[in-house]
Amino acid sequence: MALDVLIVDDSAAIRKILQRVLAQTEIPLGTILEAGDGIEALERLKANHVGLVLSDINMPNMDGIELLTQIRANAAWKSIPVVMITTEGSQQKVLEAVDLGAAGYVRKPFTADQIKEKLVGLV
Amino acid sequence: MTTEEMQELVETGIRSSVENVCGMMLGCTVEAGETRIIGHPLQESDGVVALIGMAGPWIGTGALTCRPEVARQLAGAFLMSEYEEVNDEVLDAIAELANMVIGNLKTMIEDKVGAMGLSTPTTIFGASFTTKIGGSNTWTLIPFQVCGGELLVQVCILPNEQGRTHARLDIVGHMVTKN
């Protein structure tokens, strides 16, 4: 069954790169949705059946930590795997994301293989 | 940490970060030039500049600067596309490169001085404009040859004695900006 994926990052460049990486995986992809911040991401989640979220942490309006908090607090979304992809390297943010139930964490810069490895077993 | 120790850390951090980011995300070789310590705060620019603020126990700004044709080459390598002009996608790519380079440097600084915050990048594209970081007169500048063009990486950082949450930045001249 095709999987709808939501990419959340305020950088259009990173969203484009992640789309390309996803297309190289063996994941049966449905629609790839994009959002520029956490608020837009919640709108996409409400309107679609998303099966995987790749999210930045540092974003304007609503950051990735708040987005993850809201996803985990919603009964319809709480089982969606959320992988954080960010330049944020501080241990505090990593632990916060893991405590909130992030399925994984990839630090920028990344290789396509690192992203693919992280997604293996999640979907 | 003394200002001299921070300067050494910044120099090592910039070199390591640019090699890491450009090697992994652009897939091209990186050749670092000699570090220069610039004693005047005014930076005259002509092309693309991406600026990011850092704040915490130390406060400062990181900047990536390059000519328009280099920006197009870097964006092309980053996004596997070709660009004939400096458009929104090119500016966004340079902003993200700055975010990764300065973000990685920030992580190295955090290991020594404690938690630091990073602003979202501001990208400037134009001709004959001048940037000035308030309150500082020392930049660490390293030129890199990346994807056949020159990329300048500059950082100015000082102890945050007044507990400010962002660095002051003045930009004068003709420009197009994108946040």
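Scroll up to find the structure this text is about.
All of the points below concern the structure found in this document. These figures come from a predicted structure and were not determined experimentally.

Conventions adopted
- Residues numbered from 1 in each chain as written.
- Chains lettered and ligands numbered in written order.
- Predicted model: local features only at pLDDT ≥ 70, side-chain atom pairs only at ≥ 80, totals over all residues.
- Heavy atoms only, no water.
- Helix = DSSP H or I, 4+ residues; strand = E, 2+ residues; numbered from the N terminus.
- Rg over C-alpha atoms; globule rule 2.2 N^0.38 Å.
- Buried < 20%, exposed > 50% of the residue type's maximum accessible area, 1.4 Å probe, protein only.
- Contact = heavy atoms within 4.5 Å.
- Pairing = 2+ DSSP bridges.
- Axes fitted to C-alpha atoms, helices over the stretch in contact; angles between N-to-C directions.
- Core = buried A, V, L, I, M, F, W, Y, C linked by side-chain atoms within 4.5 Å.
- Parallel < 35°, antiparallel > 145°, perpendicular 65-115°, else oblique.
- Left-handed = near helix turned anticlockwise from the far one by under 90°.
- Nonpolar A, V, L, I, M, F, W, Y, C, P; charged D, E, K, R; others polar.
- Salt bridge = Lys/Arg side-chain N within 4 Å of Asp/Glu carboxyl O.
- Buried area = accessible area lost by both parts, 1.4 Å probe.
- Polar contact = N/O pair within 3.5 Å; in protein donor to acceptor, adjacent residues only side chain to side chain.

1. Observations regarding the overall build of chain A
From N to C terminus, chain A includes five helices and five strands. Over its C-alpha atoms chain A spans a radius of gyration of 13 Å, differing by no more than 12% from the 14 Å that the globule rule assigns to 123 residues. In terms of overall dimensions, chain A has a C-alpha envelope of 30 × 30 × 25 Å along the principal axes. Looking at chain A as a whole, 50% of its 123 residues are labelled buried. Here the contacts in chain A between residues at least 6 apart in sequence split such that 63% fall between residues at least 24 apart.

2. Concerning the sheet that holds strand 3 (residues 50–55) of chain A
Residues and elements named next belong to chain A. The sheet built from five strands is open, its strands ordered 2-1-3-4-5 with parallel pairing. At either margin of the open sheet sits one strand with a lone partner, and together these are strand 2 (29–35) and strand 5 (104–107). Each neighbouring strand pair of the sheet contributes to a mean axis angle of 20°, computed without reference to strand direction. Here helix 1 (residues 12–24) sits on the sheet and contacts strand 1 (3–8), strand 2, strand 3 and strand 4 (82–86); the angle it forms with strand 2, its principal contact strand, is near 170°. In the packing of helix 3 (residues 64–73) onto the sheet, contacts are made with strand 1, strand 3 and strand 4, and the angle to strand 4 comes to roughly 180°.

3. Some remarks on the nonpolar core
By size, the foremost hydrophobic cluster in this structure holds 63 residues, and its most contacted members are L54(A), F110(A), I14(B), L74(B), F78(B), I109(B) and I157(B). The element best represented in this core is helix 3 (residues 88–113) of chain B, accounting for 11 residues. Aside from chain neighbours lying at most four places away, what touches F110(A) is I14(A), I17(A), L18(A), I85(A), I115(A), M24(B) and M25(B). I57(A), M59(A), W77(A) and Y105(A) belong to the second-largest nonpolar core, a separate cluster that totals 24 residues.

4. A short note on the packing of helix 1 (residues 3–26) of chain B against helix 3 of chain B
Residue and element names in this part refer to chain B. The contact between helix 1 and helix 3 brings their axes to 8 Å, and the two run at 140°. With respect to their mutual orientation, helix 1 and helix 3 come out oblique. Crossing of helix 1 over helix 3 shows right-handed handedness. Across from M6, L9, V10, G13, I14, S16, S17, V18, N20, V21, M25 and L26 in helix 1, the residues of helix 3 making contact are L97, M100, V101, N104, L105, M108, I109, K112 and V113. Residues of the contact of helix 1 with helix 3, tallied by class, amount to 15 nonpolar, five polar and one charged.

5. Brief notes about the pattern of salt bridges
All names here are of chain A. Scanning all chains against the criterion turns up 11 salt bridges over all chains. K108 is paired through a salt bridge with D9; the nearest N and O atoms lie 3.0 Å apart. Of this pair, K108 sits in the loop between strand 5 and helix 5 (112–119) while D9 sits in the loop between strand 1 and helix 1, placing them 99 residues apart in sequence. For K108, a relative accessible area of 1% puts it in the buried group. For D9, a relative accessible area of 1% translates into the label buried. For E40, the salt bridge is made with R44, and the minimal N-O distance between the two is 3.7 Å. Taken together, the positions of E40 and R44, both in helix 2 (residues 38–47) and four residues apart, correspond to about one turn of that helix.

6. A look at the interface of chain A and chain B
The interface of chain A with chain B comprises 19 residues on the first partner and 21 residues on the second. Together, the buried faces of chain A and chain B total about 1600 Å²; carbon and sulfur atoms form 56% of this surface. Of all residues in chain A, K16(A), T87(A) and P109(A) bury the most surface against chain B, accounting for 33% of the area lost on that side. Inspection of the chain A/chain B interface yields two salt bridges.

7. Thoughts on the side chain of K108(A)
A polar side-chain atom of K108(A) sits 3.0 Å from a polar atom in the side chain of D9(A). Not counting residues up to four positions away in its chain, the partners in contact with K108(A) are D9(A), I14(A), D56(A), I85(A), T86(A), T87(A), E96(B), M100(B) and N104(B).

8. Digging into the pairing of strand 7 (residues 139–146) of chain B
Where a strand is regular, its side chains alternate between the two sheet faces. Residues and elements named next belong to chain B. Among the eight residues of strand 7, seven are classified as buried, and the element is accordingly described as predominantly covered. Judged from the three bridges that link them, strand 1 (residues 30–32) and strand 7 form a sheet pairing that is antiparallel. Along strand 7, the bridge assignment pairs A32 with F144. Strand direction decides the pairing type here: strand 2 (residues 36–38) and strand 7, joined by three bridges, are antiparallel. Counterpart to I38 in the pairing with strand 7 is W139. With antiparallel pairing between neighbouring strands as the criterion, strand 7 and strand 8 (residues 149–159) make up a hairpin whose turn holds two residues, including C147 at a positive phi of roughly 50°.

The quantities given are spatial measurements derived from coordinates; they are silent on function.
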